[in-house]
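An overview of the molecular structure
Letter by letter, the chains look like this.
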Amino acid sequence: MIVRDQDAWTTESTAIVRRINLQTGETLQIYRGHSAPVTCLAFYTVERGGKTSELLITGSWDKTIRIWDTETKECVSTTDAHDDFLKSICVIPSLRLVASGASDKSIRMWDLSVLSSSPASQLLHVGTFTGHTRPVECLSVDGAPRFAAEEEYATITENLRLYSADSMGVIKIWSLDISTRASGALSIRGNVVRENKAHRTGINDMVVSNGQIWTGSTDYSVIIQGNCSTDDEPSPTVEVMSPKTITHPSLVRAVLPLPLVHVDEPYLISGSADKIFVWDITSVNQKHGVIEKVVELDAHSHDVTAIEFWEQAPKGKSGISEIWIVTAGLDCMVRRWRLKDILNGTYQRQVDAALKLDKSRRTPPSATITEEEERELEELMSSDD
């Protein structure tokens, strides 16, 4: 799921992508064309046909990457991308590239420049990175659009690093060696500059920003690692942040560090089982800082799979926007939560009251009788004698 402006874009197991207006809950668009569950999506802006087009990029278990015009819903390009299920895609607009990761354990690089023509052709394959021994679950670039202004991200070219994570908990950091072939086509070679295995099992979500890696895993934890950006080895004069491990009651599918979305709140929000958790990360950058849980909220009736930030458009004359958290779950629901009401306990009180009411409705009537009823019953039995 990605939240963009006032809309949520969700991938679904029914092989579609759905665009939902978060103000009204109305489905605005449905994209059909994949033949298997859609697992990942991203956006890319390009000049084509004499105008600026906003393109949607999707990856699926059908092993293809599809490109859609978000104005017309037309599928403008379909590429057979991998030999197994696609799991993740990551757009690098400054290089006009998209990286894709899949269950075939590879990362493949694709040239997006063909999308400038109309009609567009298949994406041009310009490189394959190998080295993972398990499916590639997550891809990210430091400063990706989810956590940076797009105009700033679009200019990142020097010292760019691609981060990949697999289903065994291995994270690899790649430098990109870019060259041009005799034909004029790009050629991208990936070099692993660092690798770590902080998690015991697979990584479900990964956020990278300012050299920090935030990961949620099937080993029931979130781990925050620092000083992981560009240097092969951290400088001895720099204090290295000790990795912080946050234990959860079940596997973690989603993480959202609020400071990285320019929200002035020192909290990490994570999704584990059917709950969302809020953690105070005020001291996260301190070598021995402690992270404390401040909220545990029953959010869905099945596992939480995605957590995103939404700044609601200002209403009325106040001109004040509100900060919301948007979650998606395996219960096929997308829900929105006002951040201040999560923090002050309003939602949990409502959940507790609803659960209490439901329990009272399920409790059978009491089988006990009053003293008066007992006397009447005794008299009735005596009269029968």
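Residues numbered from 1 in each chain as written. Predicted model: local features only at pLDDT ≥ 70, side-chain atom pairs only at ≥ 80, totals over all residues. Heavy atoms only, no water.

Helices and strands together make up the secondary structure of the chain, namely four helices and 27 strands. Taking contacts inside the chain between residues at least 6 apart in sequence as the whole, the part at least 24 apart equals 50%. Within the structure as shown, the chain displays about 19,000 Å² of accessible surface, and the carbon and sulfur contribution to it stands at 48%. (Helix = DSSP H or I, 4+ residues; strand = E, 2+ residues; numbered from the N terminus. Contact = heavy atoms within 4.5 Å. Areas by Shrake-Rupley, 256 points an atom, 1.4 Å probe, with all protein chains shown as cover.)

The next subject is the pattern of salt bridges. Within this structure, the stated rule accounts for 15 salt bridges. For Arg4, the salt bridge identified is with Glu54, shortest N-O distance 2.1 Å. Taken as a pair, Arg4 in strand β1 (residues 2-4) and Glu54 in strand β6 (residues 51-60) lie far apart in primary sequence, 50 residues in all. Judged by relative accessible area, which is 19%, Arg4 ranks as buried. The partner of Lys172 in a salt bridge is Glu195, and the shortest N-O contact between them spans 2.5 Å. With a gap of 23 residues between them, Lys172 in strand β15 (residues 171-180) and Glu195 in strand β16 (residues 186-196) connect regions that are remote in the sequence. For Lys172, a relative accessible area of 7% corresponds to the buried category. Its relative accessible area of 47% is what places Glu195 among the partly exposed residues. Ionic contacts of the salt-bridge type, sharing partners, join the residues Lys275, Lys293, Glu296 and Asp298 into one network. (Salt bridge = Lys/Arg side-chain N within 4 Å of Asp/Glu carboxyl O. Buried < 20%, exposed > 50% of the residue type's maximum accessible area, 1.4 Å probe, protein only.)

For the rest of this paragraph, the subject is the packing of aromatic side chains. A complete count under the given rule lists eight aromatic pairs for this structure. With 5.9 Å between their ring centres and 25° between their planes, Phe277 and Trp279 make a pair best called stacked. For the pair shown, Phe277 and Trp279 are each scored as buried. What links up through ring pairs into an aromatic cluster is the set Trp9, Tyr31, Phe43 and Trp68. Taking NZ or CZ as reference, Arg4 lies 4.4 Å from the ring centre of Phe43, over its face. (Phe/Tyr/Trp six-rings, centres within 6.5 Å; stacked < 30°, edge-to-face > 60°. Lys NZ or Arg CZ within 6 Å of the ring centre and 35° of its normal.)

In terms of strand pairing, strand β7 (residues 64-69) meets strand β8 (residues 75-80) through five bridges, oriented antiparallel. Directly across from Trp68, in β8, lies its bridge partner Cys75. A loop of five residues connects β7 with β8, the two strands running antiparallel in sequence, and Lys73 in this loop sits at a positive phi of about 70°. (Pairing = 2+ DSSP bridges.)

This next bit is on the sheet that holds β6. With respect to topology, four strands assemble into an open sheet ordered β5-β6-β7-β8, the strand pairing being antiparallel. Each having just a single partner strand, β5 (38-48) and β8 make up the two edges of the open sheet. Within this sheet the neighbouring strands show an average axis-to-axis angle of 20°, counted without direction. (Axes fitted to C-alpha atoms, helices over the stretch in contact; angles between N-to-C directions.)

Within the largest apolar cluster, 30 residues are counted, with the highest numbers of intra-cluster contacts made by Leu258, Ile269 and Ile342. Put simply, the parts of the chain that give this core at least two residues each are β21 (252-257), β22 (267-272), β23 (275-280), β24 (292-298), β25 (304-312), β26 (322-329), α2 (339-343) and α3 (346-362). Here this core gets five residues from one element, more than from any other, and that element is β25. Those residues in contact with Ile269 that sit more than four places away from it in its chain are Ala254, Val255, Leu256, Leu258, Ile276, Phe277, Val278, Ile307, Ile325 and Leu339. Formed by 19 residues, the second largest nonpolar core is a distinct cluster that contains Cys40, Ile67, Trp110 and Leu123. (Core = buried A, V, L, I, M, F, W, Y, C linked by side-chain atoms within 4.5 Å.)

Below, the discussion takes up the environment of Asn210. With respect to the helices and strands, Asn210 occurs in the loop between β17 (203-209) and β18 (212-217). Owing to a relative accessible area of 68%, Asn210 belongs among the exposed residues under this scheme. Taking the C-alpha atoms as reference points, Asn210 and Gly226, separated by 16 residues in sequence, lie 8.6 Å from one another.

All right, on to the sheet that holds β17 then. On the basis of which strands lie adjacent, the open sheet formed by four strands has the order β17-β18-β19-β20 and antiparallel pairing. Looking at which strands have only one partner, the edges of the open sheet turn out to be β17 and β20 (244-247). The sheet shows a mean angle of 15° between the axes of neighbouring strands, taken without regard to direction. Strand direction decides the pairing type here: strand β19 (residues 221-225) and β20, joined by four bridges, are antiparallel.

Averaged over every residue, the pLDDT of the chain is 87; residues scoring 70 or more account for 84%. Within the chain, helix α1 (residues 150-153) has the poorest average pLDDT of any element, 47, and strand β3 (residues 16-21) the best, 98. Below pLDDT 50 for its whole length, residues 151-156 participates in 15 contacts with residues either more than four positions away or in separate chains. (pLDDT = per-residue confidence, 0-100.)

The next subject is the side chain of His199. Assignment of secondary structure puts His199 in the loop between β16 and β17. Using a relative accessible area of 2% as the deciding quantity, one classes His199 as buried. One polar contact links His199 to Ser221, side chain to side chain, over a distance of 3.3 Å. Among all residues touching His199, those that are not within four sequence positions of it are Met168, Gly169, Thr215, Ser217, Asp219, Ser221, Val222 and Ile223. (Polar contact = N/O pair within 3.5 Å; in protein donor to acceptor, adjacent residues only side chain to side chain.)

Let us now look at unusual backbone geometry. Although it is not a glycine, Lys63 adopts a positive phi angle of roughly 75°. Along the chain, the position of Lys63 falls in the loop between β6 and β7. Exposure remark for Lys63: the relative accessible area of 34% places this residue in the partly exposed category. In this model, Arg96 sits at a positive phi of 55°, which is unusual for a non-glycine residue. With respect to the element layout, Arg96 can be found in the loop between β9 (86-92) and β10 (97-102).

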